[in-house]
Amino acid sequence: MDTKREQWSSKLGFILATAGAAIGLGAIWKFPYVAGMNGGGAFFLIFIVFTVVIGLSMLISEFVIGRGAKKEAISAYKKLAPNSFWVWVGRLGVIGCFLLLSFYSVVGGWVLLYSGLAVSGNIIHDGADYGQLFGQVTSTPWMGLLGLALFLLINVIVLSFGIKNGIEKASKYLMPLLFVFFIVLVFRSLTLEGAMEGVRFFLKPDFSSITGESILYALGQSFFSLAVGFSCMVTYSSYLDKKVSIPSAASSVVFMNIFVSLLAGLAIFPVVFSFGLEPAEGPGLLFMVLPTAFSQMPFGSVFLSLFLLLFLFATLTSSFSLLEIIISAFIEDGKRSRKKVAFVSGIIIFIAGIPAALSFGVLQDVLIFGQPIFDATDYLVSNILLPLGSLLIALFITHRMDQQLVSKEFQAGNSLSTSWFSTWKFLMRWIVPLTITIVFINMIGLF
């Protein structure tokens, strides 16, 4: 069965697809406003340290599990730890990705609709109320459902073509375009009057504004921005050739993730400071603050369109990995066609996403533990399932997986000394589980 499985056509294709999976809402939407709310430069520096130490270690772990088993998430744990409860790590990943995609696609739908409005010139105009526009998009039932349906349709179409002709091919086009658009936006932002004030805010560390909560935010942001914890990368790396160095590939993905976070800050903060806006605006930074800023500069509609298209590309490449772990779980035995499973999965996720899509309008008064449906689902996935999955993966690779296989996969395709392997194992055995536990306790409000 393993010989019939698809593989990435190249190391570059794998890195671009994996980087695309990691670079999404976390890097482009969440990172700027979280950094803005927590002091800018000092937060960014702490984020880099945590990403290199904690995030990279976890990413390597998922790569080792996936390529070591040559199976998708559920089957990987079955193969590596037969007849044990560890299979539930893979099942938790599939369930988590399903729930995450059900509300992630809602945001993806907003970005898709905003991109269409921006390209057609219907966002920036005299007298525009951007807060009202955002409220209209999120609260109007047919708009929310249309965006959700179109976003999932794009995912289904791409994923139905498989690994090489679907995910990899799309990523090879979308990721370079993402970087080109980013560089154009950064150049424009840096040429604005007063832009350097925003650059200083973002790059000059001011540790006086850092609190214990800020450090935990940086830790959580670095950890979750790499798409680890739900075994998405286990599935992606199961298609990886044995000749590719796992530490090298993982390092490339981490570097690209940090670089995109840097570009996001350089594209956004100079604009925010140049027009006297508030960097700690929060989640509305993308949909309300930036249109206000772009509307005040020449060719603002063009630059807003570029930014939203960039954001759309990143959101799509991230959602590909979420849908792939679901699809691959049902086609591993070879009894079902990829196209059929992709189509059925899209329909089921759309149905599951309806309550989240309507939770800003007709279902806004429906609360779960005091939170709207969208926020409650987000809390369950981000604050409970994701840290739990991450902790289980860390325990699995250090205490249950065959350590000879772990060593073999880590060192295949590279000439790294054994000290690098020993350092990584130490981090995974002690530092990473402790860190995850601290984040988990903080997120559920006990710390």
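Residue indices follow the written sequence of each chain, beginning from 1 at its first position. Local features in this predicted model are restricted to residues whose pLDDT is 70 or higher, and side-chain atom pairs enter the listing and the counts only when it is 80 or higher, whereas totals over whole chains, interfaces and linings include all residues. Side-chain figures throughout are based on the complete set of non-hydrogen atoms in the structure, without hydrogens or water.

## Focus: the overall build of the protein
Here comes step 1: Tallying secondary structure elements over the protein gives 18 helices and 2 strands in all.
Here comes step 2: Rg of the C-alpha trace for the protein: 21 Å, near the compact-globule value of 22 Å for 447 residues, within the 12% margin.
Here comes step 3: Partly exposed describes any residue whose relative accessible area lies between the buried limit of under 20% and the exposed limit of over 50%, with all areas from a 1.4 Å probe on protein chains only and scaled to the type maximum. Residue burial in the protein is summarised as follows: out of 447 residues, 58% are buried.
Here comes step 4: Residue pairs in contact within the protein that sit at least 24 positions apart in sequence constitute 84% of those at least 6 positions apart. A run of H or I in DSSP counts as a helix once it spans at least four residues, and a run of E counts as a strand once it spans at least two, with each numbered from the N terminus. Note on method: radius of gyration uses C-alpha positions; expected globular size equals 2.2 Å times residues raised to 0.38. Contacts between residues were defined by any pair of non-hydrogen atoms, one from each residue, lying within 4.5 Å.

## Observations regarding the pattern of salt bridges
Any two side chains of opposite charge can pair, on the condition that their charged atoms come close.
Here comes step 1: Take a side-chain nitrogen of Lys or Arg and a carboxyl oxygen of Asp or Glu: if they are within 4 Å of each other, that pair is a salt bridge. Inspection of every chain in the model, using the stated rule, returns 6 salt bridges.
Here comes step 2: Ionic pairing is found between Glu168 and Lys172, a salt bridge with its closest N-O pair at 3.4 Å. In this pair, Glu168 and Lys172 are both assigned in helix α8 (residues 163-190), 4 residues apart and thus about one turn of the helix distant.
Here comes step 3: For Lys242, the salt bridge goes to Glu409, with nearest N and O atoms at 2.4 Å.

## Re the packing of aromatic side chains
Here comes step 1: A pair of aromatic rings is counted whenever rings of Phe, Tyr or Trp (Trp by its six-membered ring) have centres within 6.5 Å, and the orientation is called stacked for planes under 30 degrees apart, edge-to-face for over 60 and tilted otherwise. The final tally for this structure, using the stated rule, is 31 aromatic pairs.
Here comes step 2: Relative to Phe43, the ring of Phe31 lies with its centre 6.2 Å away and its plane at 40°, an arrangement referred to as tilted. With Phe31 in helix α2 (residues 25-37) and Phe43 in helix α3 (residues 41-69), this residue pair connects regions lying 12 residues apart in the sequence.
Here comes step 3: On the basis of relative accessibility, which here comes to 0%, the residue Phe43 falls in the buried class.
Here comes step 4: In textbook terms, an aromatic cluster arises when at least three aromatic residues are bridged by ring pairs, as seen for Phe31, Phe43, Phe44, Phe47, Phe201, Phe202, Phe269 and Phe273.

## A closer look at the side chain of Lys70
Here comes step 1: Within the secondary structure, Lys70 sits in the loop between α3 and α4 (73-80).
Here comes step 2: Buried and unpaired, Lys70 has Asp241 as its nearest opposite-charge partner, separated by 6.6 Å.
Here comes step 3: A distance of 2.5 Å separates a polar atom in the side chain of Lys70 from the backbone oxygen of Leu240. We count Lys and Arg on the positive side and Asp and Glu on the negative side, and we leave His and both chain ends out. Polar contacts, as counted here, are pairs of nitrogen or oxygen atoms within 3.5 Å of one another; within protein the pair requires one atom able to donate a hydrogen and one able to accept it, and residues that are adjacent in sequence qualify only if both atoms are side-chain atoms.

## Concerning the layout of surface pockets
Here comes step 1: By volume, the largest pocket is sized at about 1,400 Å³.
Here comes step 2: If you go around the largest pocket, you meet 47 residues; those closest to its centre are Trp29, Lys30, Tyr33, Asp378 and Ser382.
Here comes step 3: The element contributing the most residues to the lining of the largest pocket is helix α16 (residues 373-399), with 8 residues.
Here comes step 4: Each residue is assigned to one of three groups, with Ala, Val, Leu, Ile, Met, Phe, Trp, Tyr, Cys and Pro labelled nonpolar, Asp, Glu, Lys and Arg labelled charged, and all others, Gly among them, labelled polar. Looking at the lining of the largest pocket, its residues break down into 29 nonpolar, 14 polar and 4 charged. Here a cavity is any set of points on a 1 Å grid over the protein atoms alone where a 1.4 Å probe fits but cannot get out, and a pocket is any open set with protein on both sides within 12 Å along at least 5 of 7 lines; a residue lines the site when it has an atom within 4 Å of a point. Grid points are joined across faces, edges and corners, and a volume is the space filled by probe spheres set on the points.

## So, the environment of Val119
Here comes step 1: Tracing the backbone shows Val119 in helix α5 (residues 87-119).
Here comes step 2: Overall, the relative accessible area of 54% leaves Val119 in the exposed class.
Here comes step 3: Note: C-alpha distance between Val119 and Ser245 (126 residues apart in sequence) is 41 Å.
Here comes step 4: Discounting residues that sit within four places of it in the chain, Val119 has contacts with Ser305 and Leu309.

## What to know about the state of the cysteines
Simply put, disulfide is the name for a covalent bond between the sulfur atoms of two cysteines.
Here comes step 1: Disulfide assignment relies on a single distance test, namely cysteine sulfur atoms paired within 2.5 Å. Under the defined criterion, the tally for this structure stands at 0 disulfides.
Here comes step 2: With no disulfide of its own, Cys97 lies closest to Cys232 among cysteine sulfurs, the gap being 3.3 Å.

## Quick word on the nonpolar core
Here comes step 1: We call a set of buried residues a nonpolar core when its members are Ala, Val, Leu, Ile, Met, Phe, Trp, Tyr or Cys and they connect through side-chain atoms within 4.5 Å of each other. Residues Ile28 and Ile65 are the most contacted members of the largest nonpolar core, which totals 164 residues.
Here comes step 2: Examining the composition of this core, we find that 18 residues originate from one element, helix α14 (residues 300-331), more than from any other.
Here comes step 3: Sequence-distant contacts of Ile28, that is, excluding residues within four places in its chain, are made with Ile23, Leu178, Phe182, Val260, Ala264, Ile268, Phe307, Leu310, Phe311 and Ala314.

## Examining the environment of Gly361
Here comes step 1: With respect to the helices and strands, the residue Gly361 is situated in the loop between α15 (338-358) and β1 (367-368).
Here comes step 2: The class for Gly361 is buried, based on a relative accessible area of 14%.
Here comes step 3: Considered as a pair, Gly361 and Ser222 are 139 residues apart in the sequence and their alpha carbons are 32 Å apart.

## Observations concerning the packing of α5 against helix α7 (residues 141-160)
Here comes step 1: Fitted lines through C-alpha atoms give the axes, limited to the stretch in contact for helices. The angle between two N-to-C directions lies from 0 to 180 degrees. Interhelical geometry of α5 versus α7 gives an angle of 100° and a closest axis separation of 7 Å. Considered as vectors, α5 and α7 are oriented roughly perpendicular to each other. Residues Ser102, Tyr104, Ser105, Val106, Gly108, Gly109, Leu112 and Leu113 of α5 form the contact with α7, whose own contacting residues are Met143, Leu146, Gly147, Leu148, Leu150, Phe151, Leu152 and Ile154. In these notes the angle categories are as follows: under 35 degrees is roughly parallel, over 145 is roughly antiparallel, 65 to 115 is roughly perpendicular, and the rest is oblique.

## As for the side chain of Ser231
Here comes step 1: Positionally, Ser231 belongs in the loop between α10 (212-224) and α11 (232-237).
Here comes step 2: Owing to a relative accessible area of 0%, Ser231 belongs among the buried residues under this scheme.
Here comes step 3: Residue contacts for Ser231: discarding those within four places in its chain leaves Glu62, Ala73, Tyr77, Val89, Ile325 and Ile393.

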